[in-house]
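Secondary and tertiary structure notes
Each chain, letter by letter, is given below.
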Amino acid sequence: MKVDVLLGLQWGDEGKGKIVDVLTPEYDVIARFQGGPNAGHTLIFGGKKYVLRSIPSGIFQGDKVNIIGNGVVLDPSLFREEAESLAASGHNLKERLLISKKAHLILPTHRILDAAYEAAKGDDKVGTTGKGIGPTYTDKISRNGVRVGDLLHNFDEKYNKLKAAHEEILKRLDYDYDLTELEAQWMSAIEYLKEFTLIDSEEEINRYLASEKSVLCEGAQGTMLDVDFGSYPFVTSSNTISAGACTGLGVAPNRIGEVFGIFKAYCTRVGEGPFPTELFDEVGESMCELGHEFGAVTGRKRRCGWIDLVALKYAIMVNGVTKLIMMKSDVLDTFETIKACVAYDVDGVEYDYMPYDITEGVTPIYVDLPGWKTDMTKMTSENEFPEEFNAYVSFLEQELGVNISIISVGPDRDQTIIRDAE
Ligand code: GDP
Ligand code: IMO
Ligand code: MG
């Protein structure tokens, strides 16, 4: 059996949580492979809204197995908050959620270091989510990290050693902090975490595959935030691309089946860094307002702009996308004209592929398409789509060379149209 991967093609918040939930009935196992509580995946169904950070978005459906893979970084305090709030709304996770022993732990001092590094960068700050993601992956790569499995062996020694190293750095940075409350909460949360089933997730997943069970890997962030291929250094610290599912779960590359690439009908970004099609006018403001573009976790306002086909083509290439999913089409329902960026003008030179540096001097070259000016939020079939919307979809498919197989017309689970056309 193959594993399918669903991941973001832009700067995150494309709607991954919603679609993983929609696709969950077709799979036996849902697994997160990278990122951590920097993610905020929103699901809306039955008149209720849920935001998931570390827990896979398959957790609400029946008896599906959900796995937090080795590539994820886990903060026990935030995990406990998330898990307890789900339990309070009647979703008991303990039998259905398995956690890799090889996932790295976000220590309280990682969070403090995240803030300290950002403060030290001043105007050059990344605009991180402040969840300790960068410092935790740094310790993983430099071979100093503490893993979930360490909770069961020699934990105190490993924790104290890493904490002491962090305190040295914080002293050198002359950064003021108070660890007492954070640490007490964290220590209590690791006891809670130990109540879950901690596994060798690579063994477990490959066993599922060998017994013909289907697995959906859920990405976090988006391709333009990938540490290798995103707008470095304004990126996150993990590989968000499809290859990340191999390293983040122990799945071999030849096991990858479909790669679902998800994108908004326009584009958003939260945090600092280049964004060639960003709008600073009332059109961008309307997108923000109509799309409720505020961070699911931090509440930060998301920057908005037109769809960027140069970046999308690049993302499709590095991920090997086989199916596209377009989200938030309804947000453009009232627009007179829809613009799509098909190339960049960089200091007078036209690029139809991603240049090395998009920080400065990039002017998007747009194609204008007529808006559909129709409320699409109640549509249930593609037969109801207005002509201009179909023209937009066809234009995107032609430019991108991959079919759009799902179209989302609202935040609810039910506002999702699966297209027949292959
Ligand atoms: P994720 O991080 O990729 O899971 O996405 P987020 O949950 O951070 O952000 C997506 C936001 O858009 C959430 O508030 C969703 O409820 C909302 N959303 C998802 N699909 C649609 C859609 O088709 N239309 C509208 N209007 N909102 C949507
Ligand atoms: P989901 O999974 C949008 C951004 C931050 C910042 C940069 C680095 O919900 O799509 P980090 O805390 O990871 O070190 O921050 O990455 N970022 C996201 N933006 N959606 C996310 O996750 C993000 N996770 C991180 O805003 O610019
Ligand atoms: Mg999000």
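Above this text is the structure in question.
So, here's what we can say about the structure. Computed from a predicted structure; not experimentally measured.

A few words on the coordination of the magnesium ion (ligand 3). Listed as protein donors to the magnesium ion (ligand 3) are Asp13 (OD) and Gly40 (O); their distances from the metal cover 2.0 to 2.2 Å. With aspartate 13 in the loop between strand E1 (3–8) and helix H1 (16–23) and glycine 40 in the loop between strand E2 (29–32) and strand E3 (41–45), the pair connects residues that are 27 residues apart, well separated along the chain. On the basis of relative accessible area, aspartate 13 is assigned to the partly exposed category, the value being 22%. Judged by its relative accessible area of 14%, glycine 40 is buried.

Scanning the entire structure with this criterion turns up 15 aromatic pairs. Here phenylalanine 45 and phenylalanine 60 contribute two aromatic rings whose centre-to-centre distance is 5.3 Å and whose plane-to-plane angle is 65°, an arrangement assigned as edge-to-face. With phenylalanine 45 in strand E3 and phenylalanine 60 in the loop between strand E4 (48–52) and strand E5 (65–68), this residue pair connects regions lying 15 residues apart in the sequence. Phenylalanine 45 gets classed as buried once you look at its relative accessible area, which sits at 13%. Ring centres 6.1 Å apart and planes at 20° place the aromatic pair phenylalanine 155 and tryptophan 186 in the stacked group. In this pair, phenylalanine 155 is assigned in helix H5 (residues 155–172) and tryptophan 186 in helix H6 (residues 180–193), connecting sequence segments 31 residues apart. The pair phenylalanine 155 / tryptophan 186 is uniform in exposure class, with both members buried.

With respect to spatial proximity, 20 residues lie near ligand 1, and among them Gly15, Lys16, Thr42, Asp330 and Ser408 are the closest. Contact between ligand 1 and glycine 17: an oxygen atom at 2.9 Å from a main-chain N or O atom of the residue. Here an oxygen atom of ligand 1 sits 2.8 Å away from a polar atom, N or O, in the main chain of glycine 40. In the complex, 93% of the free accessible area of ligand 1, which totals 580 Å², lies under the protein chains. At the level of secondary structure, the elements contributing two or more residues to the shell around ligand 1 comprise H1 and E3. Taken together, the residues of the shell around ligand 1 break down into six nonpolar, seven polar and seven charged.

Attention now moves to the site of ligand 2. As a structural note, the neighbourhood of ligand 2 is formed by 21 residues, with Asp13, Lys16, His41, Thr129 and Thr236 the closest of them. One of the backbone N or O atoms of glycine 127 is found 3.4 Å from an oxygen atom in ligand 2. At 3.1 Å, a backbone N or O of valine 270 approaches an oxygen atom of ligand 2. Burial of ligand 2 by the protein chains amounts to 98% of its free accessible area of 550 Å². Each residue belonging to the shell around ligand 2 can be placed in one class, and the counts come to eight nonpolar, 10 polar and three charged.

With that settled, the discussion passes to the nonpolar core. Counting 60 residues, the largest nonpolar core has Leu9, Phe263, Leu309, Leu324, Met326, Tyr392 and Leu396 as its most contacted members. A per-element tally of this core places helix H11 (residues 387–400) first, with six residues. If we ignore the near neighbours within four places in the chain, the residues touching leucine 309 are Ala340, Cys341, Val342, Phe395, Leu396, Glu399 and Leu400. Counting 31 residues, the second-largest nonpolar core is a separate cluster that includes Leu43, Leu151, Tyr192 and Leu198.

We now examine the packing of helix H3 (residues 108–121) against H6. Interaxial distance between H3 and H6 falls to 9 Å at its minimum, and their mutual angle equals 140°. By the criterion of interaxial angle, the relationship of H3 to H6 is oblique. Only Leu182, Glu183 and Trp186 of H6 make contact with H3, whose side of the interface consists of Pro108, Arg111 and Ile112. For the contact of H3 with H6, the class distribution of residues is four nonpolar, no polar and two charged.

The rules behind the values
- Residues numbered from 1 in each chain as written.
- Chains lettered and ligands numbered in written order.
- Predicted model: local features only at pLDDT ≥ 70, side-chain atom pairs only at ≥ 80, totals over all residues.
- Heavy atoms only, no water.
- Donors = N, O, S within 2.8 Å, 3.2 Å for Na, K, Ca; no water.
- Helix = DSSP H or I, 4+ residues; strand = E, 2+ residues; numbered from the N terminus.
- Buried < 20%, exposed > 50% of the residue type's maximum accessible area, 1.4 Å probe, protein only.
- Phe/Tyr/Trp six-rings, centres within 6.5 Å; stacked < 30°, edge-to-face > 60°.
- Near = heavy atom within 4 Å.
- Polar contact = N/O pair within 3.5 Å; in protein donor to acceptor, adjacent residues only side chain to side chain.
- Areas by Shrake-Rupley, 256 points an atom, 1.4 Å probe, with all protein chains shown as cover.
- Nonpolar A, V, L, I, M, F, W, Y, C, P; charged D, E, K, R; others polar.
- Core = buried A, V, L, I, M, F, W, Y, C linked by side-chain atoms within 4.5 Å.
- Contact = heavy atoms within 4.5 Å.
- Axes fitted to C-alpha atoms, helices over the stretch in contact; angles between N-to-C directions.
- Parallel < 35°, antiparallel > 145°, perpendicular 65-115°, else oblique.

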